[in-house]
Amino acid sequence: GRLRKEDGYIANFDGRTLGQQNNYTVRARARWTPTDNLEVYGGVEWQRSRAFEFIDQLGNGAPTCYVCQTTGQTQSSFYEAGENAPTPYYNRLFKADLRVKLNLGSVDLSSLTTYFNNISVQRADNDFTQAPVFFFNVLRNGGKAYAQEFQLTSHFDGPFSFISGVNYLRDEPHLDIQLDGSAYDFSVAATGAYPASFNSLKTDSVSAFLEGTYEVTDQIKVIAGGRYTHDKREISVTNGPGFQLFGAPAAYTRSASFEAFTPRFVLAWDNGPVNVYYSYTRAFKAGGFSSAAPFPGAPVDPEKMFNHEVGVKTSSFGGKLRTALSAFYYKNKGLQTQIIDATGSGTVTQNAGATEGYGVEFEVNGDPMRGVQLGASLGYLHADYLSYPNASQVCFDPTGTSNPTAPGATLYACSMDLSGTRVAHAPRITASLNARYSFDIAGWEASLSGIAQYRSSFLFWPGAGGQLGYDRQKGYTIANISGYVSPPGTGLRLGLYADNVLGTKYALIRTTSQPYGTYFSAAKPVTYGARVEYNF
């Protein structure tokens, strides 16, 4: 069992504190070996969360904030908000898995069955002000998923081995949304209801894979394999009379199928202290449909990419010093990316054309003395859009005459050519330092750990959201420390932790949304707490 409770860190205008969490989990696992060659194990897990976690904070006041033009509200500080959506976020999750493994001599036959059931509700303030104008309600979101996989794994005496299998996935999510607030009172007057849309999706995915390993010598091995995947996806939408006022159909259904073969090849040389490898991989992400989607649209195309990577891993001084250096290059066609859609569906997934990325990563870890572990990493990534014409963006018109759906709004939907610009969520430089010291105190086991991480500037959304360039985060460093003590001969562990000890102010997200305005969610400030664990 696990219980996690956190105080909030965002002061709301009405006296509430946002960012609170109250989560608990119950988990059980079992293992049964009726014979020497048969093993059965599995488990169940149940989670429940209730929190005021959705912290959309106003980024700028008028003129970009649509509602602020009449209310005069401005953002007062980094850790304050003006939300008036009193309903907390709620989530319930149940999942189960069962694995059966049968030893048939030179091969193992395994069956893996998984089940997933999730439901959540939330109410979000879409204007980010104290005025009750725009709300986005998720009345019900979740669904069920089932997967079955069979694997055949060899353990031959010779140089050749393989793993093969088939997989089936059935996924049935749903999303029930509603728009309300004073901006949609006209819908109630005309139809008796706020705009609402119920979306149900269905995915049937079948795949088969085979991968073989051949040891050319004691130090050189070749790995080759591939996977064939066939996906079929369907979306069914029922719109209430409120959305029909905007021209949405009462109901519609769309379906699409996708298939791909994705090979993988690895050549590795390992002499013990040094491991050198080269890998080539093709990847495939099936297309589908954005949801919620009150208005029918074309399906999202599959995303395909290939990746080359070379690397070297070393171990020296009896394993006390370990390093890893790798370089990679990839191209991506049809990158699936999210944009903000103000027509009522929140975010929409679209294809962003082609992207290209290359970079290097270096990692070193060492044990210089007893009880001391040190580590560091450094990464460089160059990732740009090769082709992204007509990208959906948000433009700014100080006259407020360019937005046909919201007269007076200074933000309106437009398109730009983002070819040659940076990919979202791709900082050029990442780095980290970590240390751990384990020791004894009067026979008690104790440990102190610390980690510092740096990320250079990056974009949250393609094109930083449009003309304002608001949707970006400058580089920042965060540091966390933790420690614990454990009495001898018990499974009890008492710990303390402190996160973001430098008090770094950075955002979890920054977004420009027309016609509403700009908003962000502040990451946690200095956060400290206690942990109690007992293992038995």
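In this convention, every chain numbers its residues from 1, walking through the sequence in written order. pLDDT decides what is reported in this predicted model: residues at 70 or higher carry local features, side-chain atom pairs at 80 or more are listed and counted, and totals for whole chains, interfaces and linings draw on all residues regardless. Calculated side-chain values reflect all of the structure's heavy atoms, with hydrogen atoms and water omitted.

With respect to the confidence of the model for the protein
Going by this rule: For every residue, the predictor reports its confidence as pLDDT, a number between 0 and 100. A run of H or I in DSSP counts as a helix once it spans at least four residues, and a run of E counts as a strand once it spans at least two, with each numbered from the N terminus.
For the protein, mean pLDDT is 92; residues scoring 70 or higher make up 97% of the total. Within the protein, strand β28 (residues 476–486) carries the highest mean pLDDT (97), whereas strand β18 (residues 336–341) carries the lowest (72).

A closer look at the sheet that holds strand β6 (residues 57–58)
Put simply, the rule reads: In this scheme, strands are said to pair when DSSP sees at least two bridges between them.
Here we have 3 strands laid out as an open sheet, ordered β6-β31-β30, and antiparallel in their pairing. In this open sheet, the two edge strands, each paired with only one partner strand, are β6 and β30 (507–513).

Let's talk about the side chain of T527
Selection criterion: Three exposure classes are used, based on accessible area relative to the maximum for each residue type with a 1.4 Å probe and protein chains only: buried under 20%, partly exposed in between, and exposed over 50%. Under the rule applied, a polar contact is a pair of N or O atoms within 3.5 Å (in protein, one hydrogen donor and one hydrogen acceptor; residues adjacent in sequence only if both atoms are side-chain atoms). The criterion used for residue contact is that any of the two residues' heavy atoms lie within 4.5 Å.
Summarising the element assignment, T527 is placed in strand β32 (residues 527–534). Looking at T527, the relative accessible area reads 17%, which means it is buried. Within the local environment of T527, its side chain forms a polar contact with the backbone oxygen of P525, the two atoms lying 2.9 Å apart. Setting aside anything within four residues of it in sequence, one finds T527 in contact with Y497, A498 and D499.

A closer look at the packing of aromatic side chains
How two aromatic rings sit relative to each other is set out by the distance from centre to centre and by the angle between their planes. For clarity, the threshold we go by: Classification of ring pairs rests on two measures: the distance between centres of Phe, Tyr or Trp rings, Trp counted by its six-membered ring, which must be within 6.5 Å, and the angle between planes, read as stacked under 30 degrees, edge-to-face over 60 and tilted in between.
In total, this model carries 20 aromatic pairs according to the counting rule given. Their ring planes at 70° and their centres at 6.5 Å tell us that Y9 and Y79 sit as a pair that is edge-to-face. In this pair, Y9 sits in the loop between β1 (2–6) and β2 (10–12) while Y79 sits in the loop between α1 (68–71) and β7 (80–81), placing the two residues 70 residues apart along the sequence. Neither residue differs from the other here; Y9 and Y79 are each classed as buried. A centroid spacing of 5.9 Å and a plane angle of 50° characterise the contact between F156 and F162, whose relative ring orientation is tilted.

Remarks on the nonpolar core
Stated formally: To form a nonpolar core, buried Ala, Val, Leu, Ile, Met, Phe, Trp, Tyr and Cys residues must be joined to one another through side-chain atoms within 4.5 Å.
Formed by 19 residues in total, the largest nonpolar core has its most connected members in F134 and I177. Breaking this core down by element, the ones donating at least two residues are β10 (135–154) and β11 (160–180). Of the residues forming this core, the biggest block, 3 residues, is contributed by β11. Y330, I339, V348 and V423 belong to the second-largest nonpolar core, a separate cluster that totals 13 residues.

A short note on the state of the cysteines
Inclusion rule: Put simply, a disulfide is two cysteine sulfurs that come within 2.5 Å.
Taken as a whole and assessed by the stated rule, the structure comprises 2 disulfides. Each sulfur in the disulfide pair C395 and C414 lies 2.0 Å from the other. Taking the sign of the torsion about the S-S bond as the criterion, the disulfide between C395 and C414, at about 85°, is right-handed. With a gap of 19 residues between them, C395 in strand β22 (residues 391–396) and C414 in strand β23 (residues 411–416) connect regions that are remote in the sequence. According to the relative accessible area criterion, C395 is buried, its value standing at 6%. Looking at C414, the relative accessible area reads 18%, which means it is buried. By sequence order of its bonded cysteines, the protein has the disulfide arrangement 1-2, 3-4.

Quick word on the pairing of strand β31 (residues 517–522)
Most of β31 is tucked away: 6 of the 6 residues are buried. By the bridge criterion, 2 bridges tie β6 to β31 in an arrangement that is antiparallel. Within β31, the residue paired with Q57 across the bridge is F520. Following β30, the chain reverses through 3 residues before pairing antiparallel with β31.

Re a nonpolar patch on the surface
Under the convention used in this document: Residues enter patches when they are more than 30% accessible in relative terms and free of salt bridges; like-charged ones are connected within 9 Å and nonpolar ones (Val, Leu, Ile, Met, Phe, Trp, Tyr) within 5 Å. Areas reported as accessible are Shrake-Rupley estimates using a 1.4 Å probe. Residue values count occlusion only from the protein chains shown. Basic side-chain nitrogens of Lys or Arg form a salt bridge, by our definition, when they fall within 4 Å of a carboxyl oxygen of Asp or Glu.
The grouping of F156, F160, Y214, V216, I220, F265, L267, W269 and V276 at the surface amounts to a nonpolar patch, some 730 Å² of accessible area in total. In terms of residues, the nonpolar patch owes the most to one element, strand β14 (residues 251–270), which gives 3 residues. Within the secondary structure layout, F156 lies in the loop between β10 and β11. Owing to a relative accessible area of 34%, F156 belongs among the partly exposed residues under this scheme.

Structural notes on the pairing of strand β20 (residues 354–369)
Inspection of the sheet shows strand β17 (residues 321–333) paired to β20 by 13 bridges, in the antiparallel sense. Note on β20: the bridge partner recorded for Y330 is G357. Bridging between β20 and strand β21 (residues 372–387) involves 14 bridges; their strand directions are antiparallel. The residue bridging M369 from the neighbouring strand is V372, located in β21. Linkage of β20 to β21, two consecutive antiparallel strands, is achieved through a turn of 2 residues, within which G371 is found at a positive phi near 85°.

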